[in-house]
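For reference, the chains in residue letters:
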Amino acid sequence: MSFHRVYLTESPNPYNLSVLRDKGTFGQVQVNYFVVPRSAIQDDFNIIGWSGPEVTLVFPDGVGRQHITIYAIDDNEPEGDESLQIGLVRNSQGTAIGVPS
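These figures come from a predicted structure and were not determined experimentally.

### Let's talk about the sheet that holds strand S2 (residues 15-21)
Part 1: Here 4 strands make up an open sheet; going across it, the order is S4-S6-S2-S8 and the pairing antiparallel. Edge positions in the open sheet fall to strand S4 (45-47) and strand S8 (95-97), since each of these has one partner strand only. Mean inter-strand twist for the sheet, computed between neighbouring axes without regard to direction, equals 25°.
Part 2: Relative to S8, S2 runs antiparallel, the two being bridged by 3 bridges. In the sheet register, Val19 faces S8, and the bridge partner there is Ile97.

### Considerations on the pairing of strand S6 (residues 65-72)
Part 1: Relative to S6, S2 runs antiparallel, the two sharing 6 bridges. The residue bridging Tyr15 from the neighbouring strand is Ile70, located in S6.
Part 2: As paired elements, S4 and S6 share 3 bridges and run antiparallel to each other. Bridge pairing links Phe45 to Ala72 in S6.

### Here's the deal with the confidence of the model for the protein
Part 1: Averaged over all residues, the pLDDT of the protein is 80; the fraction at 70 or higher stands at 89%.
Part 2: Considering each helix and strand of the protein separately, the mean pLDDT is smallest for strand S1 (residues 2-8), with a value of 69, and largest for strand S5 (residues 54-59), with 89.

### Structural notes on the nonpolar core
Burial of nonpolar side chains together is a common tendency in soluble globular proteins.
Part 1: Counting residues in hydrophobic clusters, the biggest one holds 22 residues, and the most contacted among them are Tyr33, Phe45, Ile47, Ile68, Ile70 and Ile86.
Part 2: Of all the secondary-structure elements, those providing two or more residues to this core are S1, S2, strand S3 (29-37), S4, S5, S6 and strand S7 (82-89).
Part 3: At 4 residues, the largest contribution of residues to this core is made by S3.
Part 4: Contacts of Phe45, omitting those with residues within four sequence positions, involve Leu8, Val35, Pro37, Ala40, Trp50, Ile70, Tyr71, Ala72, Ile73 and Leu84.

### Some words on the pairing of S7
Part 1: Most of S7 is tucked away, with 8 of its 8 residues classed as buried.
Part 2: As defined by bridge partners, S3 adjoins S7 across 6 bridges and the pair is classed as antiparallel. Looking at S7, one finds that Asn32 is bridged to Val89.

What counts, and where the lines are drawn
- Residues numbered from 1 in each chain as written.
- Predicted model: local features only at pLDDT ≥ 70, side-chain atom pairs only at ≥ 80, totals over all residues.
- Heavy atoms only, no water.
- Pairing = 2+ DSSP bridges.
- Helix = DSSP H or I, 4+ residues; strand = E, 2+ residues; numbered from the N terminus.
- Axes fitted to C-alpha atoms, helices over the stretch in contact; angles between N-to-C directions.
- pLDDT = per-residue confidence, 0-100.
- Core = buried A, V, L, I, M, F, W, Y, C linked by side-chain atoms within 4.5 Å.
- Buried < 20%, exposed > 50% of the residue type's maximum accessible area, 1.4 Å probe, protein only.
- Contact = heavy atoms within 4.5 Å.

Structure below.
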């Protein structure tokens with residue numbers, strides 16, 4: 001299992017967390033990810049395609065990178081950075097969380 005803590009600052013710009021294949025790009029592989037809110041609550045963020053509790057990322061043959069796209073919801077409450085944790089499970093062929101963009 002692989003974890004990555006994400007610190008969010010309210011912004012209209014998305015945060016793209018890369019998930020990389022680390023054993024080549026031959027064949028289709030998949031990995032599931034889950035989200036654990038830390039200081040953020042579920043109303044503070046939106047993750048494209050996340051419906052909980054786990055979401056499957058599929059890497060078709062030849063694809064080496066997928067993204068988990070996170071939006072920090074901009075509200076009227078003054079607050080500091082908020083954090084959540086992303087974890088990878090059921091990793092069929094070696095994927096890892098890469099450097100976020």
